[in-house]
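Next come the chains, spelled out residue by residue.
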Amino acid sequence: MARWTHLTIVAAALAGVAFAQDQEPLRVKGLDLGATQAQFKETFAEADCPTNGTCFVEVARLCRPRDSRGPRSVEAIAECLRPYQYGGLTPIRITGQFDRHGGLDLVIIRISTRSFDRLLATMPERYGSASYDATSTVKNRMGVVFDNRRIVWERGDRMLVLTQRAGNVDEGSVFFGSKARMLESQKQEQQRRKDAAKDL
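Residues numbered from 1 in each chain as written. Predicted model: local features only at pLDDT ≥ 70, side-chain atom pairs only at ≥ 80, totals over all residues. Heavy atoms only, no water.

## Digging into the state of the cysteines
Scanning the model with the defined rule gives 1 disulfide in all. Between cysteine 49 and cysteine 55 runs a disulfide, and the two sulfur atoms are separated by 2.0 Å. Note on the cysteine 49 and cysteine 55 pair: the S-S dihedral is about 110°, so by sign convention the disulfide is right-handed. Assessed through its relative accessible area of 0%, cysteine 55 is described here as buried. (Disulfide = S-S within 2.5 Å. Buried < 20%, exposed > 50% of the residue type's maximum accessible area, 1.4 Å probe, protein only.)

## Notes on the nonpolar core
Counting residues in each nonpolar core, the largest one holds 34 residues, and the members touching the most others are Phe40, Tyr86, Trp153, Leu160 and Leu162. Residue assignment for this core shows that the elements contributing at least two residues are strand 1 (54-57), helix 3 (59-62), strand 2 (93-98), strand 3 (104-112), helix 5 (116-127), strand 5 (145-155), strand 6 (158-168) and strand 7 (171-178). At 5 residues, the largest contribution of residues to this core is made by helix 5. In this view, phenylalanine 40 contacts Leu31, Ala47, Cys55, Ile94, Thr95, Gly96, Phe98 and Leu104; residues no more than four positions away in its chain are not counted. Core analysis: the next-biggest nonpolar cluster, separate from the first, contains 7 residues, Ile108, Val152, Phe175 and Met182 among them. (Core = buried A, V, L, I, M, F, W, Y, C linked by side-chain atoms within 4.5 Å. Helix = DSSP H or I, 4+ residues; strand = E, 2+ residues; numbered from the N terminus. Contact = heavy atoms within 4.5 Å.)

## Concerning the pairing of strand 4 (residues 132-139)
Strand direction decides the pairing type here: strand 4 and strand 5, joined by 8 bridges, are antiparallel. Bridging from a neighbouring strand, alanine 134 pairs with arginine 150 of strand 5. As consecutive antiparallel partners, strand 4 and strand 5 are separated by 5 residues, and within that stretch glycine 143 has a phi angle of approximately 85°, a positive value. (Pairing = 2+ DSSP bridges.)

## Examining the pairing of strand 6
Among the 11 residues of strand 6, 9 are classified as buried, and the element is accordingly described as predominantly covered. Here strand 5 pairs with strand 6 via 6 bridges, running antiparallel. Bridge assignment links arginine 150 to a residue of strand 6, and that residue is threonine 163. For strand 6 and strand 7, the ladder comprises 7 bridges, and the chain directions are antiparallel. Opposite methionine 159, over in strand 7, you have glycine 177 as the bridge partner. Linking two consecutive strands that pair antiparallel, namely strand 6 and strand 7, is a turn of 2 residues.

## Focus on the side chain of serine 112
Within the element layout of this structure, serine 112 appears in strand 3. Taking relative accessible area as the criterion, serine 112 reaches 16% and is therefore assigned buried. The residues touching serine 112, leaving out its near neighbours within four places in the chain, are Ile92, Asp170 and Gly172.

This is the structure in C-alpha cells:
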C-alpha cells in the first residue's frame, strides 16, 4: 500500500512539472524579458525614457485635460487609460528597467493597495496557480501594523511577484523579471531602507 502511495505522489509531481512546462512563459502586457525600449513604447505609447536604462509612465496623470477645453468625458478618460490597464485595473505607475545591452530586465507596476484583492482574483486566470503565497506584517511611521501578502509565480528563470504593500502601506506592486534580477532588486531595496533609517 505504501509503495502505491509513493508511486501516486511521484506521478502527481511529474504531472505537475509537465503541466508547468506546457504553460506559456510569463509575460506582462505581452512584453517578455529582453524587449527593447522601442517595444516597450509600442505597448505603452506615453512612456518617458529619459535614460537608456529606464522608461516610466505616470498613468494617473496621463488622461488629464492638456488644454483649456475643460474636463474630458468619463468615456474619453476610460478609452485613454485602456492601454495601460493591468488586470482590468488602472495602475499608478509603470516602470521598465533595461540592462546595459538595452534589453528589458525588470517591469514594476505600482497599484493601489485597495486594488490588491481584485487583481489577485484575476491573476490565476492568466498565470495559473502561484508557486508561493505568504503573509507577513509591516508598520507605517505611526507604528500601525498591516498585513502584507506576497504571491509569486515562477516559470523557468522568470518570476512574477504580486505584493500587497511595497514601499508604503498605500501602494502594492507587481514585479516581473528574472530570479537573479529579483534578488538583486530586493538587496538594493534592503540597502535603501538601511540608508534611509540612518536619517531618522
